[in-house]
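Geometric and topological summary
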Protein chains: 2
Amino acid sequence: MKELCAMSRNELSALYEQTLAEYKRCQSLGLKLDMSRGKPSKAQLDLSAELANMVIPPEAFISDGIEARNYGKLDGLDACKKLFADILGVRPGQIFCGGNSSLTLMYDTITKAYTHGMLHSDLPWSKLDKVKFLCPSPGYDRHFAICQTYGMEMIPVPMTDEGPDMNVVMSYIADPAVKGMWCVPKYSNPTGITYSDETIHSIASMKPAAKDFLLMWDNAYCIHEFEGDFVPFIDILSECERYGNADMVFEFTSTSKVTFPGAGVACFACSEDNMTYMKKLISAQSISYDKVNQLRHVLLLKDREGALAHMRKHARIMSEKVNAVIELLDEHIKPLGIAEYKKPTGGYFISLNVMPGCAKKVFTLMKEAGVVMTTAGATFPYGNDPQDSNLRIAPSYPPIDELRMATQVLCTCVKLAALEKLAN
Amino acid sequence: MKELCAMSRNELSALYEQTLAEYKRCQSLGLKLDMSRGKPSKAQLDLSAELANMVIPPEAFISDGIEARNYGKLDGLDACKKLFADILGVRPGQIFCGGNSSLTLMYDTITKAYTHGMLHSDLPWSKLDKVKFLCPSPGYDRHFAICQTYGMEMIPVPMTDEGPDMNVVMSYIADPAVKGMWCVPKYSNPTGITYSDETIHSIASMKPAAKDFLLMWDNAYCIHEFEGDFVPFIDILSECERYGNADMVFEFTSTSKVTFPGAGVACFACSEDNMTYMKKLISAQSISYDKVNQLRHVLLLKDREGALAHMRKHARIMSEKVNAVIELLDEHIKPLGIAEYKKPTGGYFISLNVMPGCAKKVFTLMKEAGVVMTTAGATFPYGNDPQDSNLRIAPSYPPIDELRMATQVLCTCVKLAALEKLAN
């Protein structure tokens, strides 16, 4: 097989007919497959069966002197704060254990910026004419949805293999209307890259014109290796502190992809001054979050080592699936030179860049063959991928056979879209 | 014993000396008692031991086709929606099951009014010069704290035995800046009264000038009888609908005082149109709430009858405590004619009106004798009780012996404050 661009018109025409026939065969199978969202599979849920079934005698609900079953302790059980602090490499006093969702904590943090302003804001953002936010792209669609619900102006920043293009970031932060930036520093959603130390130093030492600049550090995949050993990461809080930016950053993570998605524990981490400020605001919103679930997580995961050991079980399941997708792409797509992708070693996604102008077409072809993918464009602000090239593959949820089937269909669709493009 | 107002100067003087000695004896005991918050006691937590310890086999997590352990179903498990719908007497489609706290759902609802506006708002409230809110008082301090964090102007409305004084309410709602009202319709916090049907009709048929008027119907104590049978209540949603006000009301409740405070399930109920509007907004905030805990609650409580049976166990514990307080007040305070209170038949509080100008004094005397009460004034907007008369007694948390001791101290302090006042 040679690259498409090296083929003659006749060869292309023959391959097109063959691929179209392949596609029609796919369609005739009446598939109903879904690889659209980063949902753990049932086998992954079962890894945490103990979480749902542990027996806790009444006296064991007292954790560091706090009755987990009753009201109180807004920032969470000390044992749970310590667990997250150890995982993130921060101090326990910098941790706020919230409810079940880091997305909710992110939304709530930005909401507080709008309703009350952040610690160093002159005004709540709702009083400003214009709020702009830096959105490294491709990125996570739910981050962009938060910006959109608040009517922010999203500024796409190109992603490199080392993180956001810092030259572009630097050119924007001189504008005081630029109020923050989204980052998924480890196994970035969707590209799977991890920010280089240099990029992180550069981010932590930024001097944005907005003194209430909000660095949204979504460390969703902090311990989510599926290949190789745990990869240590820089503690962004002390890194920012080192450059006099202690209050610039809020870090987020959760156990959604450690134990149960939507029934785990989420936290944010921030400077002690930010913590004092946020706790005062949150005290109007909540008496306390679900400490019984926090306690269950402490009993299940125990400590950082326990969490890492637990993640190695996920890794076995995830790596098999990622490998299956990569093998099929390597076999059917790579030789044709019509798409780019990298094999990730952690996180939840494979980012696939098809030929420019083809991503929406591939998405539609997939849909019409019964396979749902993340909407083309969703990885860019306003759903607008300027190249119409990026697709996010979420391999975790389907059983391996379905995933292979779905990826086969994907390969066919990527080929078909490329061939149609070249024919026009 | 005769009423204080009928006593001679000499009698008053003698009683004062005697009471002062009593108070000093209380002080010398070095007490450390707390009857400040409506926290269930350990015995009440243990009633729901099964909730923390139930074993759920993997296949049982599928509830109406939804895997409770994975992402999705923003508005909650259908079975949990049905449970709350049956309890509140509304349609399941009118229920949104959220996280662990109805306070958070209330805060979030008002926050949405500020950030996005409600369904019928012309503008988000953050864009308005002035937002006023009706606060029937005495009321719940955490409601007032939400108003305060948003800088609303709180308007106190006197409470009668039938609910808020509707003449006062009617006089205010002609002002389009009056955007809503707090209500605790059953076993009101702190007075313990239940709104009369007439008051509820009157509320449901209001025609406020603000077309986005927000009736915050906090039905916290909907099944919280501790004396007598369950008392049915009017479904405020259909009542509002009947008067063309379907979108005016949001009702809230939770299992915080049914199972575990802060580790239960909360919900709001609203019209289907409001639900569509809110779900769209909330979809930027959350993928889904903790459905595993929702499932646990469905398995524990089963249905409305199961919830009522569970509440009868709470009733036995609560009624003993409320009776203990009332007996002591009846014995030591009632004959003197220096305070007013009613024995509630449900809810969590006893509201005590001491002689005008004495509540803060009683609070301080209590504190100096080692007993923490809810801060005097806390039951009024801005902590400002114009009569300085209302105190909220929260009898649920302390063991019965400590509660009796604390109430003895309270009786002494109420007497002492009254005698000091009469002496001046």
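Residues numbered from 1 in each chain as written. Chains lettered and ligands numbered in written order. Predicted model: local features only at pLDDT ≥ 70, side-chain atom pairs only at ≥ 80, totals over all residues. Heavy atoms only, no water.

**Description of the overall build of chain A**
On a plain count of helices and strands, chain A comes out with 14 helices and 15 strands. Radius of gyration (C-alpha) of chain A: 23 Å, near the 22 Å computed for a compact globule of 424 residues. Looking at chain A as a whole, 62% of its 424 residues are labelled buried. For chain A, restricting intrachain contacts to residue pairs at least 6 apart in sequence, the fraction spanning at least 24 positions comes to 76%. In the form shown here, chain A has an accessible surface area of approximately 15600 Å², with 52% of it arising from carbon and sulfur atoms. Computed over 44 positive and 50 negative side-chain charges, the inter-centroid distance for chain A is 4 Å. (Helix = DSSP H or I, 4+ residues; strand = E, 2+ residues; numbered from the N terminus. Rg over C-alpha atoms; globule rule 2.2 N^0.38 Å. Buried < 20%, exposed > 50% of the residue type's maximum accessible area, 1.4 Å probe, protein only. Contact = heavy atoms within 4.5 Å. Areas by Shrake-Rupley, 256 points an atom, 1.4 Å probe, with all protein chains shown as cover. Lys, Arg positive; Asp, Glu negative; His and termini not counted. Charge placed at Lys NZ, Arg CZ, Asp CG, Glu CD.)

**Quick word on the packing of aromatic side chains**
All names here are of chain A. Scanning the entire structure with this criterion turns up 28 aromatic pairs over all chains. Arranged with centres 5.7 Å apart and planes meeting at 55 degrees, the rings of Phe250 and Phe268 form a pair that is tilted. Of the two residues, Phe250 sits in strand S10 (residues 249–254) while Phe268 sits in strand S11 (residues 266–269), which places them 18 residues apart along the sequence. Pair check on accessibility: Phe250 and Phe268 agree, each one buried. Members of the aromatic cluster, connected to one another through ring pairs, are Tyr107, Tyr114, Trp125, Phe133, Tyr150 and Trp182. The lysine or arginine in question, Lys39, covers the ring of Tyr397, its NZ or CZ lying 4.9 Å from the ring centre. (Phe/Tyr/Trp six-rings, centres within 6.5 Å; stacked < 30°, edge-to-face > 60°. Lys NZ or Arg CZ within 6 Å of the ring centre and 35° of its normal.)

**Notes on the interface of chain B and chain A**
Tallying the contact residues gives 55 residues for chain B and 55 residues for chain A. Summed over both sides, the interface between chain B and chain A buries roughly 4500 Å², with carbon and sulfur atoms accounting for 50% of that surface. Linking chain B with chain A are two salt bridges, by the criterion used here. Asp46(B) is paired through a salt bridge with Arg69(A); the nearest N and O atoms lie 2.9 Å apart. In this assembly, chain B and chain A are joined by 20 residue pairs in polar contact (both at pLDDT 80 or more). For the side of chain B that touches chain A, the secondary structure elements donating two or more residues are helix H2 (42–46), helix H3 (49–53), helix H5 (102–115), helix H6 (141–149) and helix H11 (291–301) of chain B. Counting residues per element, the side of chain B that touches chain A draws most heavily on H5(B), at seven residues. Along the lines of polarity and charge, the residues of the side of chain B that touches chain A split into 25 nonpolar, 17 polar and 13 charged. (Buried area = accessible area lost by both parts, 1.4 Å probe. Salt bridge = Lys/Arg side-chain N within 4 Å of Asp/Glu carboxyl O. Polar contact = N/O pair within 3.5 Å; in protein donor to acceptor, adjacent residues only side chain to side chain. Nonpolar A, V, L, I, M, F, W, Y, C, P; charged D, E, K, R; others polar.)

**Here we look at the sheet that holds strand S4 (residues 95–97) of chain B**
Residue and element names in this part refer to chain B. Spatially, S4-S11-S10-S9-S8-S5-S6-S7 is the arrangement adopted by the eight strands of the open sheet, whose pairing is mixed. Each edge of the open sheet carries a strand with a single partner, namely S4 and strand S7 (163–164). The pairing of strand S9 (residues 214–218) with strand S10 (residues 249–254) spans four bridges and is classified as parallel. Within the sheet, the bridge partner assigned to Leu215 lies in S10 and is Val249. (Pairing = 2+ DSSP bridges.)

**A word on the confidence of the model for chain A**
A residue-level look at chain A finds 100% of positions with pLDDT of 70 or above and a mean pLDDT of 97. Across the assembled chains, the prediction reports ipTM 0.97 with pTM 0.97. (pLDDT = per-residue confidence, 0-100.)

**Brief notes about the relation of the copies chain B and chain A**
Of the two same-sequence chains, chain B is brought onto chain A (RMSD 0.0 Å, axial shift 0.0 Å) by a rotation of 180 degrees. Expressed as an axis order, the relation between the two copies is that of a two-fold axis. When you check the interface residues of chain B against chain A, 100% turn up at the interface there too, and the contact is symmetric in its surfaces. (Least-squares fit on C-alpha atoms with pLDDT ≥ 70 in both.)

**Remarks on helix H12 (residues 304–332) of chain B**
Over its 29 residues, H12(B) extends 40 Å from the first C-alpha to the last, a length consistent with the 42 Å expected when each residue adds 1.5 Å. Helix geometry: H12(B) is bent most strongly at His314(B), by close to 30 degrees. (Expected span 1.5 Å × (residues − 1). Bend = angle between axes of the 7 residues up to and from the residue.)

**Re the state of the cysteines**
All told, the structure shown has zero disulfides over all chains when counted by the stated rule. Cysteine Cys147(A) shares no disulfide, and the gap to the nearest cysteine sulfur, in Cys135(A), comes to 4.4 Å. Summary of cysteine pairing: Cys183(B) is not part of a disulfide, and the nearest cysteine sulfur, belonging to Cys240(B), is at 9.6 Å. (Disulfide = S-S within 2.5 Å.)

**Some points on the sheet that holds strand S15 (residues 390–393) of chain A**
Residues and elements named next belong to chain A. Ordered in space as S12-S13-S15, the three strands form an open sheet in which the pairing is antiparallel. At either margin of the open sheet sits one strand with a lone partner, and together these are strand S12 (339–341) and S15. Ignoring which end each strand starts from, the neighbouring axes of this sheet average 25 degrees apart. Pairing between S12 and strand S13 (residues 350–354): three bridges, direction antiparallel. The residue bridging Ala339 from the neighbouring strand is Val354, located in S13. Contacting S12, S13 and S15, helix H12 (residues 304–332) crosses the sheet at an angle of about 20 degrees to S13. (Axes fitted to C-alpha atoms, helices over the stretch in contact; angles between N-to-C directions.)

**Section: the packing of helix H13 (residues 359–368) of chain A against helix H14 (residues 400–423) of chain A**
All names here are of chain A. At a closest axis distance of 9 Å, the pairing of H13 and H14 adopts a crossing angle of 135 degrees. Relative to H14, the element H13 lies oblique. Between H13 and H14 lies a crossing whose hand is right-handed. Listed contacts from H14 to Lys361, Val362, Leu365 and Met366 of H13 are Ala406, Val409, Leu410, Cys413, Val414, Leu416, Ala417 and Glu420. Taken together, the residues that form the contact of H13 with H14 break down as ten nonpolar, no polar and two charged. (Parallel < 35°, antiparallel > 145°, perpendicular 65-115°, else oblique. Left-handed = near helix turned anticlockwise from the far one by under 90°.)

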